[in-house]
There are 2 protein chains.
Amino acid sequence: MKPKITLKDIAKELDVSISTVSKALKNSKEISKETKDKIKAFAKFYNYRPNNIALSLKNKRTKNIGVVIPDIVHHFFTTVFRGIEKYANEMGYNVIVCISDESFDKEVINMEMLANGSIDGFILSLSAETQKKNDFTHLKELLDQGIPIVLFDRISAEIECDKVVLNDFEIAREAVSHFIATGSKKIALITTERYFNVSESRKEGYVAALKTNEIEVDNRLILTLPHDRDNTNLITEFFQHNEIEAILCVNEMFAVQCMSIIQQLGYAVPEDISIIGFTDGILSRYSSPKLSTIAQHGEKMGELAAKLLINRMESVQMVEEPFKTEVINATLIKRGSTIN
Amino acid sequence: MKPKITLKDIAKELDVSISTVSKALKNSKEISKETKDKIKAFAKFYNYRPNNIALSLKNKRTKNIGVVIPDIVHHFFTTVFRGIEKYANEMGYNVIVCISDESFDKEVINMEMLANGSIDGFILSLSAETQKKNDFTHLKELLDQGIPIVLFDRISAEIECDKVVLNDFEIAREAVSHFIATGSKKIALITTERYFNVSESRKEGYVAALKTNEIEVDNRLILTLPHDRDNTNLITEFFQHNEIEAILCVNEMFAVQCMSIIQQLGYAVPEDISIIGFTDGILSRYSSPKLSTIAQHGEKMGELAAKLLINRMESVQMVEEPFKTEVINATLIKRGSTIN
DNA sequence: TTGTATGCGTTATCAT
DNA sequence: ATGATAACGCATACAA
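What you see is a predicted model; the values in this text were computed from it and never measured. (Residues numbered from 1 in each chain as written. Chains lettered and ligands numbered in written order. Predicted model: local features only at pLDDT ≥ 70, side-chain atom pairs only at ≥ 80, totals over all residues. Heavy atoms only, no water.)

A.B. asks: Provide a residue-level description of the sheet that holds strand β3 (residues 121-124) of chain B, including the pertinent values.
C.D. replies: Across the sheet, which stays open at both edges, the twelve strands sit in the order β11(A)-β5(A)-β4(A)-β3(A)-β1(A)-β2(A)-β2(B)-β1(B)-β3(B)-β4(B)-β5(B)-β11(B) with mixed pairing between neighbours. Every interior strand has two partners, whereas the edge strands, β11 (325-328) of chain A together with β11 (325-328) of chain B, have only one. Mean inter-strand twist for the sheet, computed between neighbouring axes without regard to direction, equals 20 degrees. The pairing of β3(B) with strand β4 (residues 149-152) of chain B spans three bridges and is classified as parallel. Counted as the bridge partner of Leu124(B) is Leu151(B) from β4(B). (Pairing = 2+ DSSP bridges. Helix = DSSP H or I, 4+ residues; strand = E, 2+ residues; numbered from the N terminus. Axes fitted to C-alpha atoms, helices over the stretch in contact; angles between N-to-C directions.)

Given below as structure tokens:
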């Protein structure tokens, strides 16, 4: 067992002062070559590394980024996280992750915990509960304290900070337009009550595409499903009671579930019914036929969020620059579940 | 903008000494009730929170755990991570994640970075490259410095530390035995060259089951696939050239791919060919038929790893207790891709 | 060229 | 009951 060595240890051992050691290791030209060589050799031999905590205390910056996401076992968040981690790491930052688990309290507690010096800034996507409550005081207080925050995907207009979002409206409209262009008129939307801002935009895009093409919006064709429960019966009923030619789903679980159910009901995909799902994850790639999807480019989103945050943290006066909202353009990936 | 308040600020404002403030906020009985009340009220009003970094420096413990995993976009690691995060959080620890991306260098660099004071201990699963190189000096050095490490899943006997593993051997044997019990004799193993220790154990379990049942091991029925490449042709050829009644796959991607290909080749699952895959992820649950799987209980594994680590970090003399290797029992989940 | 002193925010020990 | 001081590990302005 050989514990970590400090500047003090080196200084004592070599009979010089701590500051001499510090300067020598920074290659300061104040120090004579001989002394520097001696100290460097010693430090190298004992594998000296400066203590991050001490540096953080001194510099008032930790080089840690706090990431708070609602869920990690979810393809989209996972890829975003990878993007964040990758970029942050390249820039010399570490990433501390907290999972809010869709809970407001957890989000608040975790963020306050980290905000007491552990991190220099946050990247987060709002929990379902937070969106439902519409209570953002915890975020506002952090911003007030001068801690920069970047929101992604699940954002709120009430919070003044940098943001990264998907062009949900446009891509939903594009998807529905594709359905219409390939001959469908009776188009269903399978959505969830949880991802408020995003599913709202997607719904608006869906509606917009219908209106542009002079198709009446039929609310019976919009199915709102509870998350994380077995929806099989709800979905089955839905398709039994409605005549449908195309389906837009707000996530890939719904999409693959729908496909499976309508196939069992005897319909052919995409001949009888076309399907497009949000999130281009593995579920979509391994189904048969392969699902046409909307790729959200999570990794890119994560990278961009990290870039925005680090830029702001490293800019001399964080106050100066106005807050930006960057938009990631989703891509419609046409595969086997649509007529292309 | 109201920046964080410190003990010093409070002291100055209330015209008392820093140590009085510190003691008052800790409810020390050295301090008079009046002073305590005054200080507490002030601190509460200004939302004082002790600075984590300063505490870390003083206490020589950060309450941070470093987690290094090869990949995050992978159901198994994701669930393990969730288990770690959950338990760690409950115990007041934060989690810093680094993704080694299967690279030895990244693993080393990230760990050395974190080891300089940022974390109190590590939980990790070895990268593919590290396993291939069989070079564990970075881990040994950290252990030598007194930094506790818990390895999970991808471990090595060479490293002396706490470990958490799956009973890969037994569960593979159980799966193959199930195939045999339900009438299969020509049993294939689809494996990968990368996850060394685990796939080795799984292979041994496969072999053991065959031997117990006096079935000769036919190496032509063992297909080793490269990871992360398109294996469709390899798999197709494999099934065209071999007569097979059952397949054990070391991950769910292989399993669902195999199923899809053999269905296209005109075989019925499970009537003609049965399939079991390792990892009980969403791919398996959304395929048709639903895949029979081996649940690895990743979350439990993560929790246990975190528990082992925290126990060791918090025990007064870490040196005392001998290292443990805990075994998580996998579960064979029989669904639609096997005859049950 | 080298060393001393100070401070980052906190706590603990030892005065007063 | 309250305060001064040292220490955690490091960097830096300022002395010598």
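A.B. asks: Let's hear about the environment of Lys290(B): which residues, and what values?
C.D. replies: All names here are of chain B. Looking at the element boundaries, Lys290 is found in the loop between α13 (282-285) and β10 (292-295). Linking Lys290 and Ser337, residues 47 residues apart in sequence, is a C-alpha distance of 6.3 Å. With residues up to four places along the chain from it excluded, the contact list for Lys290 reads Ser284, Arg285, Arg335, Gly336 and Ser337. (Contact = heavy atoms within 4.5 Å.)

A.B. asks: How would you explain the nonpolar core if you had to name every residue and give the values?
C.D. replies: Considering soluble globular proteins, one finds that nonpolar side chains tend to be buried as a cluster. Of all hydrophobic cores here, the largest spans 146 residues; its most connected members are Ile123(A), Ile190(A), Ile247(A), Leu248(A), Ile123(B), Ile247(B) and Leu248(B). Element by element, the count of residues in this core is highest for helix α14 (residues 298-314) of chain B, at eight residues. Leaving out residues up to four positions away in the same chain, Ile190(A) has contacts with Leu223(A), Leu225(A), Phe238(A), Phe239(A), Ile247(A), Leu248(A), Cys249(A), Val250(A), Phe254(A) and Cys258(A). Listed in part, the 41 residues of the second largest apolar core include Leu114(A), Ile159(A), Phe136(B) and Ile149(B). (Core = buried A, V, L, I, M, F, W, Y, C linked by side-chain atoms within 4.5 Å. Buried < 20%, exposed > 50% of the residue type's maximum accessible area, 1.4 Å probe, protein only.)

A.B. asks: Account for the protein's contact with DNA strand C, with residues named and values stated.
C.D. replies: Taken together, the neighbourhood of DNA strand C is formed by 27 residues, with Ser19(A), Thr20(A), Lys23(A), Lys58(A) and Tyr48(B) sitting nearest. Counting only atoms of DNA strand C within 4 Å of the protein, the fraction found in sugar and phosphate groups is 62%. Ser17(A) is positioned such that a nitrogen or oxygen atom in its backbone is 3.0 Å from a phosphate oxygen of DNA strand C. Thr20(A) is positioned with one of its side-chain polar atoms (N or O) 2.6 Å from a phosphate oxygen of DNA strand C. (Near = heavy atom within 4 Å. Polar contact = N/O pair within 3.5 Å; in protein donor to acceptor, adjacent residues only side chain to side chain.)

A.B. asks: Can you tell me about unusual backbone geometry, naming the residues and giving the values?
C.D. replies: The linkage connecting Ser288(A) with the following residue, Pro289(A), adopts the cis geometry, with an omega of -5 degrees. You can see Pro289(A) is positioned in the loop between α13 (282-285) and β10 (292-295). The phi torsion at Thr279(A) lies on the positive side, around 80 degrees, for a residue other than glycine. In this fold, Thr279(A) is placed in the loop between β9 (274-278) and α13. You can call Thr279(A) buried: its relative accessible area is 6%. Backbone geometry places Glu102(B), a non-glycine residue, at a positive phi of 65 degrees. For Glu102(B), the location among the structural elements is in the loop between β2 (94-99) and α6 (104-115).

A.B. asks: Before we move on, could you go through the side chain of Asn116(A) and cite the residues and values that matter?
C.D. replies: Summarising the element assignment, Asn116(A) is placed in the loop between α6 (104-115) and β3 (121-124). A distance of 3.0 Å separates the side chain of Asn116(A) from the backbone oxygen of Glu112(A), its partner in a polar contact. With residues up to four places along the chain from it excluded, the contact list for Asn116(A) reads Lys4(B), Arg49(B), Pro50(B), Asn51(B), Asn52(B) and Ile53(B).

A.B. asks: Go over the packing of helix α9 (residues 168-181) of chain B against helix α10 (residues 196-212) of chain B, please, and point to the residues and values.
C.D. replies: Residues and elements named next belong to chain B. Two numbers describe how α9 lies on α10: the axes approach to 7 Å, and their chain directions differ by 40 degrees. By the angle between their axes, α9 is oblique relative to α10. With respect to the hand of their crossing, α9 and α10 are arranged in right-handed fashion. For the pair α9 and α10, the contacting residues are Asp168, Phe169, Ala172, Arg173, Val176, Ser177 and Ile180 in the first and Val198, Ser201, Arg202, Glu204, Gly205, Tyr206, Ala208, Ala209 and Leu210 in the second. Partitioned by chemical class, the residues of the contact of α9 with α10 number nine nonpolar, three polar and four charged. (Parallel < 35°, antiparallel > 145°, perpendicular 65-115°, else oblique. Left-handed = near helix turned anticlockwise from the far one by under 90°. Nonpolar A, V, L, I, M, F, W, Y, C, P; charged D, E, K, R; others polar.)

A.B. asks: An account of the sheet that holds strand β9 (residues 274-278) of chain B is requested, with residue identities and associated values reported.
C.D. replies: Residue and element names in this part refer to chain B. Pairing in this open sheet of six strands is mixed, and the strands run β7-β6-β8-β9-β10-β12 from one edge to the other. The sheet is open, and its two edges are formed by β7 (222-225) and β12 (331-333), each paired on a single side. Between one strand axis and the next, the sheet turns through 20 degrees on average, direction left out of account. Sheet analysis places strand β8 (residues 246-249) next to β9, joined by four bridges and oriented parallel. Residue pairing in the sheet places Ile247 in a bridge with Ile275 of β9. Across the face of the sheet, α10 comes into contact with β6 (187-192), β7 and β9 while running at roughly 170 degrees to β6.

A.B. asks: Give me the lowdown on the protein's contact with DNA strand D, citing residues and values where you can.
C.D. replies: Leu7(A), Tyr48(A), Thr20(B), Lys23(B) and Lys60(B) are the nearest of the 27 residues found near DNA strand D. A breakdown of the atoms of DNA strand D within 4 Å of the protein gives sugar and phosphate a share of 61%. At 3.1 Å from a phosphate oxygen of DNA strand D is found a main-chain nitrogen or oxygen belonging to Asn51(A). Between DNA strand D and Thr20(B) there is a distance of 2.5 Å, counted from a phosphate oxygen to a side-chain nitrogen or oxygen. Taken together, the elements giving at least two residues each to the surface near DNA strand D come down to α1 (7-14), α2 (18-25) and α4 (52-59) of chain A together with α2 (18-25) and α4 (52-59) of chain B.

A.B. asks: Describe in detail the pattern of salt bridges, supporting the description with residues and values.
C.D. replies: Two side chains with opposite charge may pair up if their charged atoms get near one another. Residues and elements named next belong to chain B. Per the stated rule, a full pass over the model turns up 30 salt bridges over all chains. Here Lys23 and Glu30 are joined by a salt bridge, their closest N and O atoms 3.2 Å apart. On the basis of relative accessibility, which here comes to 33%, the residue Lys23 falls in the partly exposed class. We note a salt bridge from Asp280 to Arg335, for which the minimum N-O separation is 2.5 Å. Of the two residues, Asp280 is situated in the loop between β9 and α13 and Arg335 in the segment after β12; the sequence distance between them amounts to 55 residues. (Salt bridge = Lys/Arg side-chain N within 4 Å of Asp/Glu carboxyl O.)

A.B. asks: Kindly report on the relation of the copies chain A and chain B, identifying the contributing residues and their values.
C.D. replies: Between chain A and chain B, which share one sequence, the superposing operator has a rotation angle of 180 degrees and an axial displacement of 0.0 Å; the RMSD is 0.1 Å. Taken together, the rotation angle and the small translation identify this as a two-fold axis. Looking at the rotation axis and the C-alpha trace of chain A, the residue lying nearest is Ile96(A), at 2.1 Å. Taken together, the interface assignments show that 98% of the residues at the interface of chain A recur at the interface of chain B, consistent with an identical surface on both copies. (Least-squares fit on C-alpha atoms with pLDDT ≥ 70 in both.)

A.B. asks: Provide a residue-level description of the UniProt feature "domain: HTH lacI-type" (unreviewed entry) in chain A, including the pertinent values.
C.D. replies: UniProt feature "domain: HTH lacI-type" (unreviewed entry): in the numbering of this structure it lies at residues 5-59 of chain A. Each end of residues 5-59 of chain A is marked by a C-alpha atom, and these two atoms are 21 Å apart; helix forms 67% of the span and strand 0%. (UniProt positions renumbered as here; feature names shortened; annotations may be inferred.)

A.B. asks: Got a sec to walk through the interface of chain A and chain B? Specific residues and values, please.
C.D. replies: Facing 48 residues of chain A, the contacting portion of chain B comprises 47 residues. Together, the buried faces of chain A and chain B total about 4600 Å²; carbon and sulfur atoms form 60% of this surface. Along the contact surface separating chain A from chain B lie two salt bridges. For Asp71(A), the salt bridge goes to Arg82(B), with nearest N and O atoms at 4.0 Å. Remark: the boundary between chain A and chain B carries 14 residue pairs in polar contact (both at pLDDT 80 or more). Elements with a contribution of two residues or more to the side of chain A that touches chain B: α4, α5 (75-90), β2 (94-99), α6, α8 (137-144), α12 (252-264) and α13 of chain A. Looking at the side of chain A that touches chain B element by element, the count peaks at seven residues for α5(A). Here the side of chain A that touches chain B is composed, by residue class, of 22 nonpolar, 18 polar and eight charged. (Buried area = accessible area lost by both parts, 1.4 Å probe.)

A.B. asks: Account for the packing of aromatic side chains, naming residues and giving values.
C.D. replies: Scanning all chains against the criterion turns up ten aromatic pairs over all chains. Ring geometry for Phe45(B) against Tyr46(B): centres 5.0 Å apart, planes inclined by 90 degrees, an arrangement best described as edge-to-face. On the basis of relative accessible area, Phe45(B) is assigned to the exposed category, the value being 65%. Ring pairs connect the aromatic residues Phe42(A), Phe45(A) and Tyr46(A), which therefore count as one cluster. Sitting over the ring of Phe104(B), Lys133(B) keeps its end group 4.0 Å from the ring centre. The ring of Phe278(B) has Arg202(B) sitting right over it, with the charged end atom 3.8 Å from the ring centre. (Phe/Tyr/Trp six-rings, centres within 6.5 Å; stacked < 30°, edge-to-face > 60°. Lys NZ or Arg CZ within 6 Å of the ring centre and 35° of its normal.)

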